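Fold and contact review
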Amino acid sequence: MIIEQIYTGCLAQGAYYIESNGEVAIIDPLREVQDYIDKAAKNNAKIKYIFETHFHADFVSGHVTLAEKTGAKIIYGPTAKTNFDAVIAKDNQVFKVGEITITLLHTPGHTMESSCYLLKDKNGKDHALFSGDTLFLGDVGRPDLAQKGDLTEKDLAGFLFDSLRNKIMPLADDVIVYPAHGAGSACGKNLSKDTVGTIGNQKETNYALRANMTKEEFIKEVTDGLLPPPAYFPLNVKLNKEGYENVDDVIKNSEKPLSVEEFEVIANETDALILDVRHQEEFIKGFIPKSIFIGINGGFAPWVGALIKDIKQPILLVTPIGKEETTITRLSRVGFDNVLGYLDGSFASWKKAGKEIDAIESISAETLKHKIDAKEPVFDVRKPGEYNSEHIKVAENTPLDFLNDHISEFPKKDNFYLHCAGGYRSVIAASILKARGFHNVVDVAGGYAAIKNTSIERTEAVCPSTLKQNL
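One structure accompanies this document, and this report is about it. Nothing here was measured: the structure is a model prediction, and the numbers come from that model. Position numbers for residues count from 1 along each chain, tracking the sequence in the order it is written. Local features in a predicted model are, by the rule used here, given only for residues with pLDDT of at least 70; side-chain atom pairs are given and counted only at 80 or more, and totals for whole chains, interfaces and linings are based on all residues. Only hydrogens and water are removed before side-chain values are computed, so all heavy atoms of the structure are retained for them.

1. Focus on the environment of Glu 460
Defined as follows: Working definition: helices are DSSP H or I runs of at least four residues, strands are E runs of at least two. Numbering for both runs from the N terminus.
If you trace the backbone, Glu 460 turns up in the segment after α16 (447–451). Along the sequence, Glu 460 and Lys 393 sit 67 residues apart, while their C-alpha atoms lie 9.6 Å from each other.

Pasting the structure below:
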């Protein structure tokens with residue numbers, strides 16, 4: 001038996017390759033599926049099943065394409081409705097893969113079709129639980145994404161409580177837990193950085209699995225501190241339910257090198273957004289006016305989804321040379337398929353052509369100390385949980401996720417200063433504000449990590465877990 005977790009850091013997402021005696025099951029595959037096919041072929045094995053834990057909101061799954069290419073059956077839990085051929089399995093239905101079995105456990109709560117998959121070894125012993133978004137390490141799935149009609153987030157939280165108590169907590173302590181996400185995902189509040197655990201460990205450490213917890217306590221704690229979900233979530237759910245274009249075709253149609261002249265014409269004559277994915281230190285030194293920075297080396301895809309929102313938005317790319325296909329692929333993972341092309345030669349070709357450029361002023365944390373002493377305003381674009389655990393005393397919290405809600409708070413004439421944790425998110429925020437005409441924005445290099453090494457007055461540090469905030 002082979003179990004391989006294929007973890008994608010930029011999505012904080014775990015897909016799974018399971019093989020036994022020449023047969024393969026894939027759980028929650030990424031949209032680009034060739035690696036799974038190649039792995040099975042190398043082992044002279046055949047992909048038999050594609051198990052989906054639920055209709056994912058934060059990424060486009062590869063289930064449809066993988067089924068088309070391999071003939072494997074797509075499996076969903078009870079109540080799921082799709083526009084493509086799928087097996088809508090019953091609770092406790094068993095699927096045989098080589099010498100092992102995989103049992104579907106219907107665990108509604110995160111969504112109504114949410115299901116976990118219990119793997120039993122060739123001896124029939126419970127070995128591993130693929131818990132989807134029902135159970136994370138340190139947390140459980142948020143219950144506010146599948147509200148319909150009279151169904152509220154509290155109703156869903158109640159279903160989740162029952163699912164955890166009736167289906168998961170009775171499992172043996174040594175059963176391995178393989179979740180769909182780790183820290184960084186917006187599908188939960190306080191996910192662990194670990195990506196593999198056990199049932200026993202979760203019973204000891206996960207607040208939502210406390211033995212003496214009442215349903216009312218669970219509902220209150222699970223729903224407390226939930227921030228609104230990113231706007232692209234329902235659009236990804238729609239793609240996962242209805243189907244989508246093959247990612248190979250998306251890449252072929254999008255990977256178009258554009259000369260400076262072609263790029264400029266398209267930018268001027270369409271409503272395309274110019275997305276610059278170079279490193280933030282390169283971006284601040286020079287970029288095409290009104291372009292938005294979201295660096296490919298950070299939490300790229302989730303930030304694209306959270307900030308651009310409309311997956312049909314036409315996009316023009318400025319990428320590091322050689323990163324064009326990678327960028328298009330990572331955009332497609334969250335459903336952004338409408339890339340019109342990329343600037344051939346990257347930003348250097350634009351600069352060489354003598355075109356207009358813009359830049360963002362950046363100062364050191366030490367220099368920020370003098371600006372604060374002069375009563376100049378500072379804005380912290382980290383998440384509320386980060387801010388509440390420790391921040392500059394005079395700084396206002398304007399989280400990047402909800403920057404649009406804070407536009408009126410930024411000065412229109414006098415300089416103001418942005419910082420995040422390390423410098424990535426503040427440059428994203430600065431680029432958005434620049435594009436909207438705030439040319440008085442100044443970035444603080446190194447973010448809060450650098451600020452902590454100065455004498456700038458800060459609040460006392462508080463453990464984030466005690467705040468019950470969304471980190």
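2. Thoughts on the pairing of strand β9 (residues 115–120)
The criterion, for reference: We call a residue buried when its accessible area falls under 20% of the maximum for its residue type, exposed when it is over 50%, and partly exposed in between, using a 1.4 Å probe and counting protein chains only. Between any two strands, at least two bridges found by DSSP are needed for them to pair.
For β9, the buried fraction is high: five of the six residues fall into the buried class. As judged from the six bridges shared by strand β8 (residues 100–106) and β9, these two strands associate in the antiparallel manner. Bridge pairing in β9 places Thr 103 opposite Leu 118. Examined bridge by bridge, β9 and strand β10 (residues 126–132) share four bridges and lie antiparallel to one another. If you follow Lys 120 over to β10, its bridge partner there is Asp 126.

3. Concerning the sheet that holds strand β3 (residues 23–27)
The criterion, for reference: Whether two residues are in contact is decided by their heavy atoms, any of which lying within 4.5 Å being enough. For helices, the fitted line uses only the C-alpha atoms of the stretch in contact; every axis is such a line through C-alpha atoms, and the angle between N-to-C directions lies from 0 to 180 degrees.
Strands sit in the order β1-β2-β3-β4-β5-β6 across an open sheet of six strands; the sheet is mixed. Whereas interior strands pair on both sides, the edge strands pair on one side only; in this sheet they are β1 (2–8) and β6 (87–88). Relative to the sheet, helix α1 (residues 34–42) contacts β1, β2 (13–20), β3 and β4 (46–51), its axis offset from that of β2 by approximately 20°.

4. Brief notes about the packing of aromatic side chains
Put simply, the test is: Classification of ring pairs rests on two measures: the distance between centres of Phe, Tyr or Trp rings, Trp counted by its six-membered ring, which must be within 6.5 Å, and the angle between planes, read as stacked under 30 degrees, edge-to-face over 60 and tilted in between. The rule is short: NZ of Lys or CZ of Arg within 6 Å of the ring centre and within 35 degrees of the ring normal puts a charge over the ring.
Summed over the entire model, instances satisfying the criterion amount to 19 aromatic pairs. Taking NZ or CZ as reference, Lys 39 lies 5.8 Å from the ring centre of Tyr 17, over its face. Taking the ring centre of Tyr 448 as reference, the NZ or CZ of Arg 382 above it sits at 4.4 Å.

5. With respect to the nonpolar core
Condition: Take the buried residues of types Ala, Val, Leu, Ile, Met, Phe, Trp, Tyr and Cys, join any two whose side-chain atoms come within 4.5 Å, and each joined set is a nonpolar core.
Of all hydrophobic cores here, the largest spans 77 residues; its most connected members are Ile 47, Leu 275, Ile 294, Phe 300, Leu 418, Ile 428 and Leu 433. Formed by 22 residues, the second largest nonpolar core is a distinct cluster that contains Cys 116, Leu 164, Tyr 207 and Met 213.

6. Quick notes on unusual backbone geometry
At Asn 44, a residue that is not glycine, the phi angle is positive and equals roughly 55°. As for its position among the elements, Asn 44 is in the loop between α1 and β4. With phi around 70°, Lys 290 is a residue other than glycine that occupies positive phi space. Assignment of secondary structure puts Lys 290 in the loop between α9 (280–283) and β15 (292–293).

7. Considerations on the pattern of salt bridges
Which entries qualify depends on this criterion: What makes a salt bridge here is a side-chain nitrogen of Lys or Arg within 4 Å of a carboxyl oxygen of Asp or Glu, nothing more.
On inspection of all chains with the given rule, the structure shows 23 salt bridges. Residues Glu 4 and Lys 39 are paired through a salt bridge, measuring 3.1 Å at the closest nitrogen-oxygen approach. Remark: Lys 39 occurs in helix α1 and Glu 4 occurs in strand β1; sequence separation between them is 35 residues. Overall, Glu 4 belongs to the partly exposed group, its relative accessible area being 31%. Look at Lys 39 and you get partly exposed, because its relative accessible area is 24%. With a shortest N-O distance of 3.5 Å, Glu 23 and Lys 48 are connected by a salt bridge. Note that Glu 23 is positioned in strand β3 and Lys 48 in strand β4, a separation of 25 residues in sequence. For Lys 48, a relative accessible area of 28% corresponds to the partly exposed category. Salt bridges sharing partners connect three or more residues here, namely Glu 390, Lys 452 and Arg 458.

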